[in-house]
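Residues per chain, in single letters:
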Amino acid sequence: MKRMITLALCCTALAACDAAPDAAQTGTEAPDTPQAPISPPPHVDPDSLHAAAPEPLAVDLTRNEWKTAANRQDCAPLVLTSDGGAPAEPRRANFSGGWGVAFDTDEVRSAYGVAGPGVVDSDQAGAQESRLRSQWPYFTVLDDLPQPAFAGYGLEGAQPYRSEVPDGVGDNSLAYVRVGGQTCTYNVWSRLGRAHLEVLLQSLRPGVTE
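Source: prediction; values computed, not measured.

It is worth spelling out the overall build of the protein at this point. Check the secondary structure of the protein and you find three helices and nine strands. Start at the N end of the protein and walk to the C end: the helices and strands fall as α-β-β-β-β-α-β-β-β-β-α-β. Relative to its 210 residues, the protein shows a buried fraction of 49%. Restricting to contacts in the protein with at least 6 residues of sequence separation, those with at least 24 account for 61%. About 9,900 Å² of surface is accessible on the protein, with carbon and sulfur atoms providing 50% of the total.

This is the structure:
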């Protein structure tokens, strides 16, 4: 029987200090019961993204969710251009005041997704980058988004990956993403491992707003 994992999405803001965010205040909620191990999706290779980008995923759904969100003026839509080797069915995800799209695989509900929570952070780019670098165990620059664009990521709660599961497969990986020209903090998540989340982050592109 398939295990159904409910993604409880909350409205969060990054704290003004450099302390790591509380695990209870990140953009997704870990499952109440342990999840069975998930095999990593095949052919997950961030370097492969140098090839021509495929068609964006769930463009119409993302645009429709964004158009009805209270924060649409501050949080433009972002779309994934790769599923990281894990085809899935997109659906709307509830973010209070914001928008979100989750992807369900045959095995895992909300296996991955992207969202613009209904929270505004007015820090300047330098302060944002410094805070994400200090809060999260991993940091990356996102060259294919309006600059400055970057993300801090790790396990939910800004934790490093566990030594017994270093690839993060089966755990909930989460990234906080900042994009030039936008004042919200985007969430990108994956339950398919660190490598899968990294592919998703590098595949992010601006969504259609017209």
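Now for the pairing of strand β8 (residues 186–192). Working note: regular strand, side chains alternate between the two faces of the sheet. Taken across its seven residues, β8 has seven buried, putting it largely inside the fold. Residues Tyr 186, Val 188, Ser 190 and Leu 192 line one face of β8 and the alternating positions Asn 187, Trp 189 and Arg 191 line the opposite face, and both faces are buried. Relative to β8, strand β4 (residues 112–116) is paired through four bridges, and the arrangement is antiparallel. Bridge assignment links Ala 115 to a residue of β8, and that residue is Asn 187. Where strand β7 (residues 169–178) lies against β8, six bridges are found, and the strand directions are antiparallel. Residue pairing in the sheet places Ala 175 in a bridge with Val 188 of β8.

Before going further, it helps to spend a moment on helix α1 (residues 59–67). Burial in α1 covers these residues: Thr 62, Glu 65 and Trp 66. What you see down the axis of α1 is that its buried residues fit within an arc of 100°, all on one side. Among the structural elements, β1 (78–79), β2 (89–92) and β3 (99–104) are those in contact with the buried residues of α1.

Note on pairing: side chains with opposite charge can pair once their charged atoms come close. By the definition in use, this model includes nine salt bridges. One salt bridge connects Arg 205 with Asp 144, and the closest N-O pair in it is separated by 3.4 Å. Of this pair, Arg 205 sits in strand β9 (residues 205–206) while Asp 144 is found in the loop between β5 (138–141) and β6 (150–155), placing the two residues 61 residues apart along the sequence. Between Glu 164 and Arg 162 there is a salt bridge, and its shortest N-O distance comes to 3.2 Å.

Attention now goes to the sheet that holds β4. The strands that make up a sheet pair up through hydrogen bonds in the backbone, lying either parallel or antiparallel. Pairing within the open sheet is antiparallel, and its seven strands lie in the order β2-β3-β4-β8-β7-β6-β5. Looking along the sheet, the strands with just one partner apiece sit at the ends: β2 and β5. Between one strand axis and the next, the sheet turns through 20° on average, direction left out of account. Each of β5, β6 and β7 is contacted by helix α2 (residues 125–135), which is oriented at about 20° to β6, the strand it contacts most.

Throughout the structure, instances matching the rule amount to one disulfide. What pairs with Cys 75 in a disulfide is Cys 184, and their sulfur atoms sit 2.0 Å apart. Negative torsions about the S-S bond denote left-handed disulfides, and the value of about 70° found for Cys 75 with Cys 184 makes this one right-handed. In this pair, Cys 75 is assigned in the loop between α1 and β1 and Cys 184 in the loop between β7 and β8, connecting sequence segments 109 residues apart.

A word on unusual backbone geometry. A cis amide bond links Gln 147 with the next residue in sequence, Pro 148, at an omega value of -5°. Mapping Pro 148 onto the fold places it in the loop between β5 and β6. Of note in this structure, Ala 58 is not a glycine but carries a positive phi near 50°. Inspection of the secondary structure assignment puts Ala 58 in the segment before α1. With a phi angle near 55°, Ser 110 is a residue other than glycine that sits in the positive phi range. When you line up the elements, Ser 110 lands in the loop between β3 and β4.

Rules and cut-offs
- Residues numbered from 1 in each chain as written.
- Predicted model: local features only at pLDDT ≥ 70, side-chain atom pairs only at ≥ 80, totals over all residues.
- Heavy atoms only, no water.
- Helix = DSSP H or I, 4+ residues; strand = E, 2+ residues; numbered from the N terminus.
- Buried < 20%, exposed > 50% of the residue type's maximum accessible area, 1.4 Å probe, protein only.
- Contact = heavy atoms within 4.5 Å.
- Areas by Shrake-Rupley, 256 points an atom, 1.4 Å probe, with all protein chains shown as cover.
- Pairing = 2+ DSSP bridges.
- Arc of directions from axis to C-beta.
- Salt bridge = Lys/Arg side-chain N within 4 Å of Asp/Glu carboxyl O.
- Axes fitted to C-alpha atoms, helices over the stretch in contact; angles between N-to-C directions.
- Disulfide = S-S within 2.5 Å.

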